[in-house]
Amino acid sequence: MEKIVILTGAGISAESGLGTFRDEGGIWTQYALEDVATPEGFARDPVLVHEFYNARRAQAAEAEPNPAHKALALLEAEHKGEVLIVTQNVDGLHERAGCRNVLHMHGQLDRALCGGCGHRWEAPPAMAVEDACQACGARGVRPDVVWFGEMPYHMDRIDRELAEADIFAAIGTSGQVYPAAAFGQLAGAYGARTVELNLERSAASEDFSELRHGPASQVVPAWVEEVLRG
């Protein structure tokens, strides 16, 4: 039975109303990443960082999974082999669409993290500088989101999963953020069939044996239907 590993990025959630990072008008055109998405930025101005992520958390809570998210949930439910989603997204829309086998390599908006003891718990709708860790009582807790300069979560497992994949698909990714940008090349070297499903060519398109371009809500359900037909 074929094992399918899928990488998803911000592009899969764009049609749910969540801004992408690198397109014109995207999140990083409105904020300096060094101010809101680095450990140094948090140390300088934790109030600004919490305001930024509180707004993103509220936006994600109002968003709804789109047909691309739902198609991947259908694939997981009906494919006879294993389906694993490795997501760069922190919005939780895969789970809300019904997916269960999801690795969050960049963390989750709805989780909080203590930088002191490493304890994690469900984040409140709004976090603040005054919040204390539920385990050790330390102040200065942060969103459980991987910032630039930090190591993504689950990397050892992701490498093992890529090595075992029969099919690797990248959906809605820019191909510019490492280490995820190298997953297509790595999976292909391990022997997987590789496909990119994206609005347009990415910076890593040359690493894929098959390219399908268009809105995620169209190309992902069509691809899932083909996979399930065999």
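For the structure, see preceding data.
Computed from a prediction, not measured in an experiment: that's the story for all the values here.

Chemist: Explanation requested: the overall build of the protein in the structure shown.
Modeler: When you go through the protein residue by residue, the secondary structure sums to nine helices and nine strands. Relative to the 2.2 N^0.38 estimate, which gives 17 Å for 230 residues, the radius of gyration of the protein is 18 Å and therefore close to what a compact globule would have. Along the longest, intermediate and shortest principal axes, the C-alpha atoms of the protein span 55 × 35 × 30 Å. Counting every position in the protein, which comprises 230 residues, the buried fraction comes to 49%. Partitioning the contacts of the protein with sequence separation of at least 6, the portion at a separation of at least 24 is 65%. Here the protein has roughly 10900 Å² of accessible surface; of this, 49% comes from carbon and sulfur atoms.

Chemist: How should the sheet that holds strand β6 (residues 142–145) be read in this particular structure?
Modeler: Note on sheets: strands pair through backbone hydrogen bonds, and any given pair is parallel or antiparallel. Reading across the sheet, the three strands line up as β5-β4-β6 and stay open at both edges, with antiparallel pairing between neighbours. Strands at the two margins of the open sheet, each flanked by one partner only, are β5 (120–122) and β6. Taking each pair of neighbouring strands and ignoring which way they run, the sheet shows an average axis angle of 55 degrees. Where strand β4 (residues 107–113) and β6 come together, three bridges link them in antiparallel fashion. Directly across from Ala112, in β6, lies its bridge partner Pro143.

Chemist: Would you mind showing me how to read helix α7 (residues 155–164) here?
Modeler: For an α-helix the count is 3.6 residues per turn, leaving residues at separations of three or four pointing the same way. The set of residues buried in α7 consists of Ile158, Glu161 and Leu162. Down the axis of α7, the sector holding all buried residues measures 100 degrees, keeping them to one side. Check the buried side of α7 and you find it contacts β1 (4–8), β2 (83–87), β3 (102–104), β7 (167–171) and α8 (183–190).

Chemist: Please explain the environment of Gln185 as it appears in this structure.
Modeler: Within the secondary structure, Gln185 sits in helix α8. Residues Gln185 and Glu164, spaced 21 residues apart in sequence, show a C-alpha to C-alpha distance of 14 Å.

Chemist: Hey, could you run me through the environment of Arg139 in this one?
Modeler: Residue position: Arg139 is located in the loop between β5 and β6. Overall, the relative accessible area of 60% leaves Arg139 in the exposed class. With 25 residues separating them in the primary sequence, Arg139 and Cys114 have C-alpha atoms 8.2 Å apart.

Reading the values: rules and limits
Residues numbered from 1 in each chain as written. Predicted model: local features only at pLDDT ≥ 70, side-chain atom pairs only at ≥ 80, totals over all residues. Heavy atoms only, no water. Helix = DSSP H or I, 4+ residues; strand = E, 2+ residues; numbered from the N terminus. Rg over C-alpha atoms; globule rule 2.2 N^0.38 Å. Buried < 20%, exposed > 50% of the residue type's maximum accessible area, 1.4 Å probe, protein only. Contact = heavy atoms within 4.5 Å. Areas by Shrake-Rupley, 256 points an atom, 1.4 Å probe, with all protein chains shown as cover. Pairing = 2+ DSSP bridges. Axes fitted to C-alpha atoms, helices over the stretch in contact; angles between N-to-C directions. Arc of directions from axis to C-beta.

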